[in-house]
Amino acid sequence: MSIFLSNPTLLRNGFRTLMFLTPSVSISYSTCSVLSSDDSRRKKWRQPVVSALELGGVKIAKDDVVKEDPTNNVPDSIFSKLGMQLHRRPTHPLGILKNAIFDYFDTNYPNKFDKFDDLCPIVSAKENFDDVLVPADHVSRSYNDTYYVDSETVLRCHTSAHQAELLRKGHTHFLVIGDVYRRDSIDATHYPVFHQMEGVRVFSPNDWEASGMDATSYAAGDLKTCLEGLASHLFGAVEMRWVDTYFPFTNPSFELEIYFQDKWLEVLGCGVTEQEILKRSGKTDNVAWAFGLGLERLAMVLFDIPDIRLFWSSDERFTSQFLKGELGTKFKPYSKYPPCFKDMSFWLSDSFTENNLCEIVRGVAGDLVEEVRLIDNFTNKKGMTSHCYRIAYRSMERSLTDDEINELQWNVRDQVQSKLNVVLR
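Right, let's walk through the structure included here. Note that this is a predicted model, so its numbers are computed, not measured.

Bringing the overall build of the chain into the picture now. A tally of helices and strands in the chain yields 12 helices and 17 strands. Counting over 425 residues, the chain shows a buried share of 56%. Sequence-distant contacts in the chain: of pairs separated by 6 or more residues, those separated by 24 or more amount to 69%. Of the accessible surface of the chain, which amounts to about 18300 Å², a share of 48% is contributed by carbon and sulfur atoms.

See below:
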């Protein structure tokens, strides 16, 4: 499942790679909406760059995703990433990695696994959470962590959002890859849009009964054999180890780690699917396994890419370095522009969250912001808490001017004060 988590408290980098929908998108300039929405609340784009996208054969108007709804927290900057489909570009590092994984399954399981890399990333909250047994009080359901289109619709947080639907449609072996969306911190390895791959295999009683093993042990053994082979396919002859862990949707659950470049690296999360998920999909006599992996996480290691923002670069100095089918080409840095650091201190309000701060900074500075880091905090005798954050600005393509950075910082300060109800110091 695409929601395997290393940190069970967050659907974030954990089963960081399981997501079910990936948009196949063409850009259009017609306003064709398909999501249920109240037309009386719809507004026109404030920045009319593109009026509609076609995702997985479904046309989506911007008004359907970024709208005047009290539960909507999708900014223009996130809508602009819908339809980019980096994983479907054969010469992009993510596309190269995706195809290498597909090659492994095609070679070792010919004509077995159905592949989906063109599913719409707009899903129901039920599909994203309930169908994969995410608890009702899980922190990942909060508006602080997830992008909500409205109270019942989200931008998928993981590819597992499509698992139940595919199982109900009769698919028993499938891979799902696509873009997923999570409100997150700002640094070299985190970005609010990233890409996951999920794999599922369903077994019938005939598969395990002849082995003399119980169903769960049979599925777990097959899972480990499959994924050890995948790790060898991607990384070569490396030492591996399995770590027991917890995910709400699998039992037992595991993480696969490899010893690579003199350290242990987590590759993916996986496990034997909870029977409740199968029962809800009408597969009461079956067992299944599922795994999920994050493409950016692995691609940064395989291609030596130091900053996650580079995956979104259109600079030819980046894009021209990679060729179709060449896994592991080492990225050659083409520039090292200096960062500029700006500090900002403020007294917190009760509703303050760091994710909300990062959303504002990204909304103002876009990919010019490299990192937002808490460098100091204290609480005074009156019980008021102050935080000081250091914001690093750096372009991947050019030097930033002092005037440009100062304007960004003043805009950040203004919006932080007005939107987060903090008191600047």
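The rest of the description comes next.
What follows covers the pattern of salt bridges. Applying the stated criterion to the full structure yields 20 salt bridges. Its salt-bridge partner being glutamate 370, residue arginine 394 comes within 2.7 Å of it at the nearest N-O pair. With arginine 394 in the loop between strand E16 (385–393) and helix H12 (402–420) and glutamate 370 in strand E15 (residues 369–379), this pair connects stretches of sequence that are 24 residues apart. In this structure, arginine 394 and glutamate 370 share a single accessibility class: buried. Each member of the salt-bridge network shares a partner with another, and the members are Arg88, Lys98, Asp117 and Asp118.

Rolled over the atoms, a probe as big as a water molecule pinpoints where empty space is left. Under the defined criterion, the tally for this structure stands at 3 cavities of 30 Å³ or more. Each pocket or cavity is described by its volume, and for the largest cavity that value is around 50 Å³. The wall of the largest cavity is formed by Ile186, Asp187, His190, Tyr191, Ile308, Arg309, Arg362, Gly366, Asp367, Val369 and Glu370. Its residues assigned to classes, the lining of the largest cavity shows 4 nonpolar, 2 polar and 5 charged.

To continue, consider the nonpolar core. Phe105 and Phe235 are the most contacted members of the largest nonpolar core, which totals 71 residues. In contact with phenylalanine 105, other than residues within four places in its own chain, are Pro110, Phe113, Leu175, Cys226, Leu230 and Phe291. Within the second largest apolar cluster, 25 residues are counted, among which are Met344, Leu357, Ile405 and Leu408.

Here the focus is the packing of aromatic side chains. To describe a pair of aromatic rings, you give the distance between the ring centres and the angle between the ring planes. For the structure shown, the criterion picks out 22 aromatic pairs. Ring centres of phenylalanine 105 and phenylalanine 291 lie 6.0 Å apart, and the angle between their planes is 5°; this geometry places the pair in the stacked category. With phenylalanine 105 in helix H3 (residues 93–108) and phenylalanine 291 in strand E13 (residues 287–294), this pair connects stretches of sequence that are 186 residues apart. This pair shows no difference in class: phenylalanine 105 is buried, exactly as phenylalanine 291 is.

Pairing in this open sheet of 7 strands is mixed, and the strands run E4-E8-E9-E13-E12-E11-E10 from one edge to the other. A single partner strand is all that each edge strand has here, and the edge strands are strand E4 (114–116) and strand E10 (239–247). Adjacent strand axes in the sheet meet at a mean angle of 20°, parallel and antiparallel pairs treated alike. In the sheet, strand E9 (residues 193–203) pairs with E13 via 8 bridges, with the strands oriented antiparallel. Looking across to E13, one finds that arginine 201 is bridged to tryptophan 289. Where helix H7 (residues 215–235) meets the sheet, its contacts fall on E9, E10, strand E11 (250–260), strand E12 (263–273) and E13, and the angle it forms with E11 comes to roughly 25°. Across the sheet, helix H9 (residues 295–302) touches strand E8 (173–181), E9, E11, E12 and E13, and the angle it forms with E13 is around 55°.

What follows deals with the side chain of aspartate 69. Inspection of the secondary structure puts aspartate 69 in the loop between helix H1 (62–65) and helix H2 (76–79). At a separation of 2.6 Å, a polar atom in the side chain of aspartate 69 contacts the side chain of threonine 71.

Relative to each other, H3 and H7 sit at 130°, their axes nearing to 10 Å. Classified by the angle their axes make, H3 and H7 are oblique. For the element pair H3 and H7, the recorded crossing hand is right-handed. Across the interface between the two elements, Leu97, Ala100, Ile101, Asp103, Tyr104 and Phe105 of H3 pack against Thr225, Cys226, Gly229, Leu230, His233 and Leu234 of H7.

Relative to the assigned elements, aspartate 187 resides in the loop between E8 and E9. The class of aspartate 187 is partly exposed, set by a relative accessible area of 21%. Residues aspartate 187 and valine 369, spaced 182 residues apart in sequence, show a C-alpha to C-alpha distance of 8.6 Å. Discounting chain neighbours no more than four positions away, the residues touching aspartate 187 are Ile308, Glu370 and Glu371. Separated by 2.9 Å, the side chain of aspartate 187 and the backbone nitrogen of threonine 189 make a polar contact. Engagement of the side chain of aspartate 187 in a polar contact is seen with the side chain of histidine 190, the distance being 2.8 Å.

Criteria and thresholds
Residues numbered from 1 in each chain as written. Predicted model: local features only at pLDDT ≥ 70, side-chain atom pairs only at ≥ 80, totals over all residues. Heavy atoms only, no water. Helix = DSSP H or I, 4+ residues; strand = E, 2+ residues; numbered from the N terminus. Buried < 20%, exposed > 50% of the residue type's maximum accessible area, 1.4 Å probe, protein only. Contact = heavy atoms within 4.5 Å. Areas by Shrake-Rupley, 256 points an atom, 1.4 Å probe, with all protein chains shown as cover. Salt bridge = Lys/Arg side-chain N within 4 Å of Asp/Glu carboxyl O. 1 Å grid on protein atoms, 1.4 Å probe; cavity = no way out; pocket = protein on both sides within 12 Å on 5 of 7 lines; lining within 4 Å. Points joined across faces, edges and corners; volume = space filled by probe spheres on them. Nonpolar A, V, L, I, M, F, W, Y, C, P; charged D, E, K, R; others polar. Core = buried A, V, L, I, M, F, W, Y, C linked by side-chain atoms within 4.5 Å. Phe/Tyr/Trp six-rings, centres within 6.5 Å; stacked < 30°, edge-to-face > 60°. Pairing = 2+ DSSP bridges. Axes fitted to C-alpha atoms, helices over the stretch in contact; angles between N-to-C directions. Polar contact = N/O pair within 3.5 Å; in protein donor to acceptor, adjacent residues only side chain to side chain. Parallel < 35°, antiparallel > 145°, perpendicular 65-115°, else oblique. Left-handed = near helix turned anticlockwise from the far one by under 90°.

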